Every structure is written in C-alpha cells, then in structure tokens.
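In case you want the letters, here they are:
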Amino acid sequence: MYANIKEVEKNYKLTAFPLNVVVEVDAFCNLNCVMCTQNAITRKRGYMDMFLYKKIVDEVAAESPSTRIWLDFYGEPLLAGFKLYYMIDYAKKKGLQNVDMNTNGTLLSPEMAEMILDSGLDYLSTDCDGFSAEVYESIRVGAKRDVFFQNVEYILRRKKERGLEKPIIDVKIIDMSQNHAEVQQVLDYWRGKGAWTAVRRSGHWAGTMEDKTEKPSERYACGHAIGVCAITWDGNVVSCGWDGAARKIFGNVREESIKTIWARHSRELAQLHLDHDWEHLPEPCRSCQDWQLVGEKRFDENGNPRDRVYEKDKALY
C-alpha cells in the first residue's frame, strides 16, 4: 500500500533548513521517456559549476549535515562524466551524511560504476520500467534494455566483490498501464541480485504533463513543497522537485543563502499548504496534483518494507 496522505500530513512541519536539497548537476538528458517532459522545457540548459556547487555543499555541511542531498533534478547526472566524482567526493569530505543520486542507468558503464563505488556515494537509485525489452524500451525511449541490465548488474556485483556497504542501490519501477503486468517480475529479479526495490506512481511535473487522474474530493498538504529544496543548475530555488520547468522561483543561491531562501519558501508556499489555504497558493502549486504522490512502496534486498525517516539527525534509510 502507498502511504495514507492524510496520515502522513500529520507529521509535516516547517524546518529552518530543508530536509532534502535537490541539486541539478545538469539540465540535459540522453533519453526521451514517455512519463517525462524533459524534452519540452524551455528554460536555459547547462551544467552547474563547481563554485556554485561548493557554496551549496558548504552551507549544508554547516547547517545540517544530515540533510539528504540529491545530485539530480531535471537531467541525467552521469552526463557530467567524471566531474560527478569530485562533486560526491567533496560533499563526503565536508561531512554530508546522505549524498544520493538518481540515474536512468544507461550511462552507468563499468568505468562509471567503479567511479561511483570509489566516490563514497550513500544511495544510488535507478529506474527499470519494464522487464522485457519491448516494454522497457517503449517507455525509456532511447535506452536499450540489455545495456541497462548489464550496467546495474555490474555495479551490484562489484559492490559485493569489494565488500562495500554503500551505496545502497535501489532499482525502482514507475507503475503505469504500459508495464503493470511486469512490476512484480522487475521487483523479484532485482531483489535476487541484491538490490533494494521500489514502486512509485507517475507524476505530472507540476501540471506540465496532462493529468487524467480523478481529482480527489479532499486535498492535503504536499510533502514535496514542505520538505524539498530544489535548486536548478544555475542556482534558482523552485517550488519543489516536480517543478522542472522552474515556473516559480523563490531566489537564487548565488545571491542568498539556502537558509534565507528556504525561510521565504516556507512563508510563501509551505505554510499555505499546512494551512490548507489552497486559494492563495502560487502556481504551479495551486493546480498541481502531484501532492498525492508522496510515498513509495520501498523494500530492502530481502523484500522487507522500508520507509524513509525525514527527521534531522536520524538515519534517513
């Protein structure tokens, strides 16, 4: 079962510093997946420079080392190549406890896999949206199923051979009509390889993708808006991790601290969610339905359900 949003909402609270900081390593992708609008964004694209990245990491290290930092947002981080190693390495040397990354896995060659294993990354999440080549490749357009499987199998095998505890490697599937019949097959296969697994629902990227789901009679506060500070490659803090188009900007971390911008974000967005003041929410939040997607079905390598803990100074996995 997915999380009961009404019950989850009871645990939401404003924090002086975000529990999750999403860092857009780059705004490019090598795929054209059917459930993503990456190819349609009109904002300027680029790669985050190391000066800006170090400023972000330094503040997280000083304010809240347990904050989870995600090295992705609306692009494929492995396109940054070996620069990514230095980004992870810098964050770990600064004392960050939860340095994570999501990748589509198609560029996770053996060479890149060894780099990831060397870097100290804590959590690696990748996407397997089908077991058969027909289904996987119809969803992950531009990817090859066998290449993805070989890549992920390699890093799982090498992690075991090297006796490493980290990174936790999580293979998730987005449950859609196109792949629903293969969900359990995907989970069983990767669990058998020693991976954590997860099932999640497809989002609509804050209204930039058509939403055909039935609108619920009641609305609840959005965990994405309350707990996620999403930063674009050029430093803009946007509504949340679903606001890939950067439709609402709260400030730029080149000019202000994360803490200052987060306080503004809390006043102008998060507090309105907690107050259920939907009428005064800014767009894209007002018409967004992705608040319903908080929570995944997540399992460890033995198939035991695992929940994330979004509390400062506690283990987040």
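Residues numbered from 1 in each chain as written. Predicted model: local features only at pLDDT ≥ 70, side-chain atom pairs only at ≥ 80, totals over all residues. Heavy atoms only, no water.

S.K.: I'm lost on the pairing of strand β5 (residues 168-175) in this one. Help?
M.R.: The two faces of the sheet receive side chains in turn, since in a regular strand these alternate between them. In terms of burial, β5 is largely enclosed, as seven of its eight residues are buried. Bridge analysis of strand β4 (residues 123-127) against β5 gives five bridges, and the strand direction is parallel. Looking at the pairing, aspartate 127 lines up with lysine 172 of β5. The pairing of β5 with strand β6 (residues 196-201) spans six bridges and is parallel. Bridge assignment links aspartate 175 to a residue of β6, and that residue is arginine 201. Taken together, β5, helix α7 (residues 183-192) and β6 constitute a β-α-β crossover, and its handedness is right-handed. (Buried < 20%, exposed > 50% of the residue type's maximum accessible area, 1.4 Å probe, protein only. Helix = DSSP H or I, 4+ residues; strand = E, 2+ residues; numbered from the N terminus. Pairing = 2+ DSSP bridges. Right-handed = clockwise from strand over helix to strand, strands pointing away.)

S.K.: Honestly, the pattern of salt bridges in this entry has me stumped. Any pointers?
M.R.: Oppositely charged side chains can form a pair if their charged atoms are brought close together. Under the definition given, this model contains 20 salt bridges. Between aspartate 129 and arginine 140 there is a salt bridge, with the nearest N and O atoms lying 2.7 Å from each other. Remark: arginine 140 occurs in the loop between α5 (133-139) and α6 (145-161) and aspartate 129 occurs in the loop between β4 and α5; sequence separation between them is eleven residues. With its nearest N and O atoms 3.1 Å apart, the salt bridge here joins aspartate 146 to arginine 145. Taking relative accessible area as the criterion, arginine 145 reaches 15% and is therefore assigned buried. (Salt bridge = Lys/Arg side-chain N within 4 Å of Asp/Glu carboxyl O.)

S.K.: How should the environment of glycine 120 be read in this particular structure?
M.R.: Counting through the fold element by element, glycine 120 comes out in the loop between α4 (110-119) and β4. In this structure glycine 120 comes out as partly exposed when scored by relative accessible area, which is 32%. Setting aside chain neighbours within four positions, we find glycine 120 in contact with Ile88 and Lys92. (Contact = heavy atoms within 4.5 Å.)

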